[in-house]
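Fold and geometry: a report
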Amino acid sequence: MAVKIITYHRAVNYGAVLQAYALARAIREYVRPDVFIYDHVNEKIANSYALFKKSKNPAGTAIQIATLPFKLKKHAKFKAFTDKYIPLSANVSDGDIFITGSDQVWNYRGTDFDKAYFLDFVKRKENRNSYAASFGLADIEDSYFDEYKRLLSNFNNISVREERGREIVQKMTGRDVPVVLDPTLLLSAEEWRKELVHTLKHEDYILVYLMVKTPTVIDFVKKLAERTGLVIYYINDYALPFCKKCSVMRCIGPEEWVSLFSGAEYVVTNSFHGTAFSINFNKKFFVEMQPEEIGVNSRLENILDKFGLNERIIKNSDSEAWDKTIDYDRVNRILYKEKEKSMAYLENIAGKKE
């Protein structure tokens, strides 16, 4: 009998890979040693990260060819990280304890409603659990309601990553389930640094990591660089520098990504995991909400609310929080309490490490 986690571990995405690594490591270190990532392959996710995609026009094909060297380099780094740090298993045993999460495993749009992420292949209800599972959506369409209700009702333990997820589960099943920490916050800054952080740069810098680039956030970063005199490191595979002080960090791997967050003086981001690592590493950071039509701000709002850090939100190219310090003594106390609750939930599923 072992613990098997099913998640988006093969995505060429920093947050996806690092949360998978973190959940397995936290369980191994503090709960029980026999933990693996179940090596499930979802075709839609795999195709979205394919090295070369079919294009209906010559321009699209030309872009595919031009970007192929970048993709090859980045894919190689992600594979090396997985091979080194993520324990995989393709086996299923009746006695295995399964955990689905913590990524958007219950987002039917992202997986073509893959029932494996609802553990439909696990025979025993007592072995079906979730940890910080996310719907990634504000609401579930009515046509999916009954099937979601059936699948969620077959879980032994459920926990979710956001308040909105808790509301959806309660609406569908009547169960009041806990909201737990993203796995990346289960490991301390020291634990991240001990295994993954390597020194990349010897100068102070502003780190910029964006899921969506907007004129407001770029203008904000330029002004922050002017105020502080610091250089800018911008994580992006294909972009050009947006000012003279900006260096683009291309095709970096997960270890380099964590190292850049660890070494930054300031962080500017609109990424959930960019925000989570900024908090964990006690950085001076600012967050821009993503455009509402993308529909992913609930998790950003949830983490900022949890730690009382809403003043870090960028509302325009200037900020009232330019010179405000973050009370990380208070933030770390909240983090410690939330971590205790989250680890107690995992211990309830898998048993306390002797």
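As a starting point, this report considers the structure included with it.

Thresholds, definitions, all that
- Residues numbered from 1 in each chain as written.
- Predicted model: local features only at pLDDT ≥ 70, side-chain atom pairs only at ≥ 80, totals over all residues.
- Heavy atoms only, no water.
- Axes fitted to C-alpha atoms, helices over the stretch in contact; angles between N-to-C directions.
- Helix = DSSP H or I, 4+ residues; strand = E, 2+ residues; numbered from the N terminus.
- Parallel < 35°, antiparallel > 145°, perpendicular 65-115°, else oblique.
- Contact = heavy atoms within 4.5 Å.
- Expected span 1.5 Å × (residues − 1).
- Bend = angle between axes of the 7 residues up to and from the residue.
- Buried < 20%, exposed > 50% of the residue type's maximum accessible area, 1.4 Å probe, protein only.
- Pairing = 2+ DSSP bridges.
- Phe/Tyr/Trp six-rings, centres within 6.5 Å; stacked < 30°, edge-to-face > 60°.
- Lys NZ or Arg CZ within 6 Å of the ring centre and 35° of its normal.
- Salt bridge = Lys/Arg side-chain N within 4 Å of Asp/Glu carboxyl O.
- Polar contact = N/O pair within 3.5 Å; in protein donor to acceptor, adjacent residues only side chain to side chain.

Put simply, helix 1 (residues 14-30) and helix 7 (residues 189-196) touch, their axes get as near as 13 Å, and they point 105° apart. Relative to helix 7, the element helix 1 lies roughly perpendicular. The residues of helix 7 that touch helix 1, namely those facing Leu18, Tyr21, Ala22, Arg25 and Tyr30, are Glu191, Trp192, Glu195 and Leu196.

Between its terminal C-alpha atoms helix 3 (residues 58-85) stretches 39 Å, which fits the 40 Å expected from 28 residues at 1.5 Å a residue. Of all the bends in helix 3, the largest measures some 45° and sits at Leu68, one to four residues before the proline Pro69. Against the buried residues of helix 3 lie helix 1, strand 3 (88-89), helix 7 and helix 9 (254-263).

In strand 9 (residues 266-269), alternate side chains face the same way, and those of Tyr266 and Val268 on one face and Val267 and Thr269 on the other are all buried. Pairing analysis gives four bridges linking strand 6 (residues 205-209) to strand 9, with the strands arranged parallel. When the sheet's bridge partners are listed, Val208 is paired in strand 9 with Val268. Sheet analysis places strand 9 next to strand 10 (residues 284-287), joined by four bridges and oriented parallel.

Moving on to the environment of Ala350. Mapping Ala350 onto the fold places it in helix 12 (residues 328-350). A relative accessible area of 10% places Ala350 in the buried class. When residues no more than four places from it in sequence are discounted, the contact partners of Ala350 are Val3, Val31, Arg32 and Ile97.

Note on sheets: strands pair through backbone hydrogen bonds, and any given pair is parallel or antiparallel. One open sheet holds the five strands; their spatial order is 8-7-6-9-10, and the pairing between them is parallel. Of all strands in the sheet, those with a lone pairing partner are strand 8 (246-249) and strand 10, marking the two edges. Across the sheet, the mean angle from the axis of one strand to that of its neighbour is 20°, orientation sign disregarded. Pairing of strand 7 (residues 231-235) with strand 8, which is carried by four bridges, proceeds in the parallel orientation. For Ile235, the partnering residue across the bridge sits in strand 8 and is Met249. Docked against the sheet, helix 9 engages strand 6, strand 7, strand 8 and strand 9, running at close to 135° with respect to strand 6. Across the face of the sheet, helix 10 (residues 272-280) comes into contact with strand 6, strand 9 and strand 10 while running at roughly 160° to strand 10.

Turning next to the pairing of strand 1 (residues 3-6). Because side chains alternate across strand 1, one face comprises the buried residues Val3 and Ile5, and the other comprises Lys4 and Ile6, equally buried. Examined bridge by bridge, strand 1 and strand 2 (residues 35-38) share three bridges and lie parallel to one another. Residue pairing in the sheet places Lys4 in a bridge with Phe36 of strand 2. Pairing between strand 1 and strand 4 (residues 97-100): four bridges, direction parallel. Bridged to Ile5 within strand 4 is Ile99.

Counted according to the given criterion, the structure contains 34 aromatic pairs. Pairing Tyr21 with Trp192 gives two aromatic rings, centres 5.4 Å apart and planes at 45°, and the pair type is tilted. With Tyr21 in helix 1 and Trp192 in helix 7, this residue pair connects regions lying 171 residues apart in the sequence. Relative accessible area serves as the criterion here: at 0%, Trp192 is assigned to the buried category. Ring centres 5.0 Å apart and planes at 65° place the aromatic pair Phe220 and Phe286 in the edge-to-face group. Of the two residues, Phe220 sits in helix 8 (residues 215-228) while Phe286 sits in strand 10, which places them 66 residues apart along the sequence. One aromatic cluster is present, formed by Tyr14, Tyr21, Phe78, Phe81, Tyr85, Trp192, Tyr209, Trp257, Phe261, Phe277 and Phe281 through successive ring pairs. The positively charged end of Lys115 is found above the aromatic ring belonging to Phe113, 4.2 Å away from the centroid.

This paragraph deals with the pattern of salt bridges. Scanning the entire structure with this criterion turns up 21 salt bridges. A salt bridge links Lys74 to Asp237; the shortest N-O distance between them is 2.9 Å. Separated by 163 residues along the polypeptide, Lys74 in helix 3 and Asp237 in the loop between strand 7 and strand 8 bring together distant segments of the chain. Note on Lys74: relative accessible area 13%, which makes it buried. In this structure, Glu163 and Arg166 form a salt bridge, with 2.9 Å as the shortest nitrogen-oxygen distance. Of this pair, Glu163 and Arg166 are both found in helix 6 (residues 163-173), three residues apart, which corresponds to roughly one turn of the helix. Residues participating in the shared-partner salt-bridge network are Asp139, Arg164 and Glu167.

Compared with the 24 Å implied by 1.5 Å per residue over 17 residues, the 24 Å span of helix 1 between its first and last C-alpha is a close match. Measuring from the side-chain oxygen of the N-cap residue of helix 1 to the backbone nitrogen of Gly15 gives 3.1 Å; that N-cap residue is Asn13.

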